[in-house]
Amino acid sequence: MKKKDITILLVDDEPDILEIVRYNLTAEGYTIETAENGLEAIAQAKKVKPQLIIMDVMMPKMDGIEACEKIRNIPELSETVITFLTARGEDYSQMAGFEAGADDYITKPIKPKVLVSKVKALLRRFKEEEEDENIKLGNLTINREEYKIVLGKEEMVLPRKEFELLALLASKPGKVFKREDILDSIWGNEVIVGGRTIDVHIRKLREKIGDDKFKTVKGVGYKFVL
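All of the points below concern the structure found in this document.

Rules used in this analysis
Every chain is numbered on its own, with residues counted from 1 as its sequence reads. In view of the model being predicted, local features appear only for residues whose pLDDT reaches at least 70, and side-chain atom pairs are presented and counted only at 80 or more, with totals across whole chains, interfaces and linings using the full set of residues. To obtain the side-chain values, all non-hydrogen atoms of the structure were included, while hydrogens and water were left out. Only protein chains enter the accessibility calculation, which uses a 1.4 Å probe; a residue is then buried when its area is under 20% of its type maximum, exposed when over 50%, and partly exposed in between. A run of DSSP states H or I qualifies as a helix once it reaches four residues; a run of E qualifies as a strand once it reaches two. Both are numbered from the N-terminal end. Strand pairing is assigned whenever DSSP detects at least two bridges linking the two strands. Viewed with both strands pointing away, a crossover whose connecting path from the first strand over the helix to the second turns clockwise is right-handed. Every axis corresponds to a line fitted to the C-alpha atoms, with the helix fit spanning only the stretch in contact, and the corresponding angles, defined between N-to-C directions, vary from 0 to 180 degrees. Oblique is the label for any angle not covered by the other classes, which are roughly parallel (under 35 degrees), roughly antiparallel (over 145) and roughly perpendicular (65 to 115). Note: crossing handedness is left-handed where the near helix turns anticlockwise from the far helix by less than a right angle, and right-handed where it turns clockwise. The contact rule is simple, with two residues in contact once any of their heavy atoms fall within 4.5 Å. For this classification, Asp, Glu, Lys and Arg are treated as charged, while Ala, Val, Leu, Ile, Met, Phe, Trp, Tyr, Cys and Pro are nonpolar and the rest, including Gly, are polar. Working definition of a nonpolar core: buried Ala, Val, Leu, Ile, Met, Phe, Trp, Tyr and Cys residues. They are joined through side-chain atoms within 4.5 Å.

Thoughts on the pairing of strand 3 (residues 52-56)
Across the five residues that make up strand 3, a large majority, five, are buried. Residues Leu-52, Ile-54 and Asp-56 line one face of strand 3 and the alternating positions Ile-53 and Met-55 line the opposite face, and both faces are buried. Bridge analysis of strand 1 (residues 7-11) against strand 3 gives four bridges, and the strand direction is parallel. Bridge pairing in strand 3 links Leu-10 to Ile-54. Where strand 3 and strand 4 (residues 81-87) come together, five bridges link them in parallel fashion. Among the inter-strand pairings, Met-55 is bridged to a residue of strand 4, identified as Phe-84. In this fold, the crossover linking strand 3 to strand 4 by way of helix 3 (residues 64-71) has right-handed handedness.

Here is the structure:
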């Protein structure tokens, strides 16, 4: 699913926050819709059927917790990812949000780059559910569900990050994946890692899958070669 086909619903009663978040996510290529309270959020969610809802907790007319509970009872929105915006230290809001059916929460204030990374991580769950579990390329089969590969007649179980990196590159043979996109997709916000981490994992994959399957594009990134 391309970014332009992903709809994100932003819900907040503060216009400044709506504008900042909308600007940064629109710049990433997502389709953005907005609402200013829980009642509007429910109506908009029914209308646009977003893949992700980013919603404030404290709002007039209907707060985010109640709106989340009601959205979770709408069958056609059962796959929508919901994350709350919460002020730092609002532990009660976070717990209540999870109980209401939220998938995650984002703590305010948040830097734009961190916000974008967080959104990508949240949407990754949605994309993974839609992807075929198996990738078959020649004599290589990648089974996403079981985290294993079959090369020829040999079955291998790779360490998680090596597997995810292989699956990413092999998902689009010939496409050059930029180093920053690889880091964001595979490591996200888990830890702070550098480009050297990718190089080490690629080296290990070359040893196991074949040196000729991975091409380095100097100054850009890597691609999987059939």
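Digging into the packing of helix 2 (residues 38-48) against helix 3
Helix packing geometry: the angle between the two helix axes and the distance between the axes. Put simply, helix 2 and helix 3 touch, their axes get as near as 9 Å, and they point 25° apart. The orientation of helix 2 with respect to helix 3, classified from their angle, is roughly parallel. The two elements helix 2 and helix 3 meet at a crossing, and its hand is right-handed. Mapping the contact onto sequence places Gly-38, Ile-42 and Ala-45 in helix 2 and Ala-67, Lys-70 and Ile-71 in helix 3. When its residues are assigned to classes, the contact of helix 2 with helix 3 shows four nonpolar, one polar and one charged.

Examining the nonpolar core
Judged by nonpolar contacts, the single largest core of 27 residues is most densely connected at Ile-142, Ile-149, Leu-166, Leu-169 and Ile-182. Take this core: its biggest share by element is seven residues, from helix 6 (residues 160-170). In this structure, Ala-45, Ile-53, Cys-68 and Ala-100 belong to the second largest nonpolar core, which totals 22 residues.

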